[in-house]
Amino acid sequence: MRLLVIEDNPKIAGFIRQGLTEQGHAVDVADRGHEGEEMAAAEPYDAIVLDLMLPDQDGVQVCRNLRRRGLNTPILMLTSLSTTADKVTGLDAGADDYLTKPFEFEELSARLRSLLRRGQAQEASVLRFEDLEMDLLSRKVTRGGRKIRLTAKEFALLEYLMRKPNRVLSRTMIGEHVWDMNFDGESNVIDVYVSMLRRKIDKGFDKPLIHTVIGSGYVLTADPSEY
């Protein structure tokens, strides 16, 4: 996932960012409500972690403004206020879930996965394409029953490809969803990672699945003649 964290406490923001990055997600951070609102409206985030107490405007107002703009991105609101009235206010403003500080990172991660499933009701915890299988919870990948070891970034890249099978994905699209806002579109890092991933996924198998579409990008498909 590509995630936005709007949190003014640098320690908490860093804790969340590190944990999510280690899971292979691309994470951007804003420490002001107005900045976060503009970033959320401009970039294709899969989910937003939004602190309630921000220095320039509170998270409820940020959430309300984003919903007024027509943004449907799932929002997980963080707060040290735990009364029912506070939670109702946040949910009524358009938040999808509520997490009270202090919290365990495992719970934050689980709630984000739950938000993604709500937005994509048909999605299971396991992605499959041909004989390739990815377990999103255990973070294990197999092909034809053979275990494949991937780095966090390789896992995130393969996950994005498996969510969009038989669809050509440009380098820009991959960069936006798998890397963060600091990604340099002029670098060849995507090509390098695709090459490493292809060696792990396709080497030793009769049917390659990851293909280059010259001038366009990459596609996960069993029939490259279509592209």
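As shown above, the structure is provided for reference.
The sections below set out a description of the structure shown in this document. Computed from a prediction, not measured in an experiment: that's the story for all the values here. (Residues numbered from 1 in each chain as written. Predicted model: local features only at pLDDT ≥ 70, side-chain atom pairs only at ≥ 80, totals over all residues. Heavy atoms only, no water.)

Quick look at the overall build of the chain
Consideration 1: Counting secondary structure elements, the chain contains 8 helices and 11 strands.
Consideration 2: Against the globule reference of 17 Å for 227 residues, the chain gives a C-alpha radius of gyration of 19 Å, in line with a compact fold.
Consideration 3: When the backbone C-alpha atoms are referred to their principal axes, the chain occupies close to 60 × 35 × 30 Å.
Consideration 4: Counting over 227 residues, the chain shows a buried share of 44%.
Consideration 5: Contacts spanning at least 24 positions in sequence make up 58% of the contacts within the chain whose residues lie at least 6 apart. (Helix = DSSP H or I, 4+ residues; strand = E, 2+ residues; numbered from the N terminus. Rg over C-alpha atoms; globule rule 2.2 N^0.38 Å. Buried < 20%, exposed > 50% of the residue type's maximum accessible area, 1.4 Å probe, protein only. Contact = heavy atoms within 4.5 Å.)

What to know about the sheet that holds strand β3 (residues 47–51)
Consideration 1: The strand order β2-β1-β3-β4-β5 describes an open sheet built from 5 strands, whose pairing is parallel. The strands lining the two open edges of the sheet, one partner per strand, are β2 (26–30) and β5 (97–100). Across the sheet, the axes of successive neighbouring strands diverge by a mean angle of 20 degrees, strand direction being ignored.
Consideration 2: Pairing of strand β4 (residues 75–79) with β5, which is carried by 4 bridges, proceeds in the parallel orientation. In the strand pairing of β5, L78 is matched with L99.
Consideration 3: This element, helix α2 (residues 33–42), spans β1 (2–6), β2 and β3 of the sheet and lies at about 160 degrees to β1.
Consideration 4: Where helix α3 (residues 59–68) meets the sheet, its contacts fall on β1, β3 and β4, and the angle it forms with β4 comes to roughly 170 degrees. (Pairing = 2+ DSSP bridges. Axes fitted to C-alpha atoms, helices over the stretch in contact; angles between N-to-C directions.)

Here's the deal with the pattern of salt bridges
Consideration 1: Summed over the entire model, instances satisfying the criterion amount to 17 salt bridges.
Consideration 2: Its salt-bridge partner being R2, residue E43 comes within 3.3 Å of it at the nearest N-O pair. With E43 in the loop between α2 and β3 and R2 in strand β1, this residue pair connects regions lying 41 residues apart in the sequence.
Consideration 3: A relative accessible area of 31% means that E43 is categorised as partly exposed.
Consideration 4: Here K200 and E154 are joined by a salt bridge, their closest N and O atoms 2.7 Å apart. One end of the pair, K200, is in helix α8 (residues 189–202); the other, E154, is in helix α6 (residues 152–163), and 46 residues separate them in sequence.
Consideration 5: Judged by its relative accessible area of 30%, K200 falls in the partly exposed class.
Consideration 6: Overall, the relative accessible area of 2% leaves E154 in the buried class. (Salt bridge = Lys/Arg side-chain N within 4 Å of Asp/Glu carboxyl O.)

As for the nonpolar core
Consideration 1: Residues M134, V141, L158, M162, I174 and I201 are the most contacted members of the largest nonpolar core, which totals 26 residues.
Consideration 2: Contributing elements (two or more residues each) for this core: β6 (126–129), β7 (132–135), α6, α7 (171–178), α8 and β11 (217–220). (Core = buried A, V, L, I, M, F, W, Y, C linked by side-chain atoms within 4.5 Å.)

Observations regarding the packing of aromatic side chains
Consideration 1: Overall, the coordinates contain 3 aromatic pairs when judged by the stated rule.
Consideration 2: Note on F15 and F103: the rings are 6.3 Å apart at their centroids and 45 degrees apart in plane angle, and the pair reads as tilted. In this pair, F15 is assigned in helix α1 (residues 10–22) and F103 in the loop between β5 and α5 (105–119), connecting sequence segments 88 residues apart.
Consideration 3: Judged by relative accessible area, F15 falls into the partly exposed class, the value being 40%.
Consideration 4: Measuring from ring centre to ring centre gives 5.5 Å for W179 and Y193, while their planes differ by 75 degrees; the resulting arrangement is edge-to-face. With W179 in the loop between α7 and α8 and Y193 in helix α8, this residue pair connects regions lying 14 residues apart in the sequence.
Consideration 5: With a relative accessible area of 11%, W179 lands in the buried category.
Consideration 6: Among the aromatic side chains, those forming a connected cluster through ring pairs are F15, F103 and F105.
Consideration 7: Above the plane of the ring of F155 lies R139, whose end atom (NZ or CZ) is 4.1 Å from the centre. (Phe/Tyr/Trp six-rings, centres within 6.5 Å; stacked < 30°, edge-to-face > 60°. Lys NZ or Arg CZ within 6 Å of the ring centre and 35° of its normal.)

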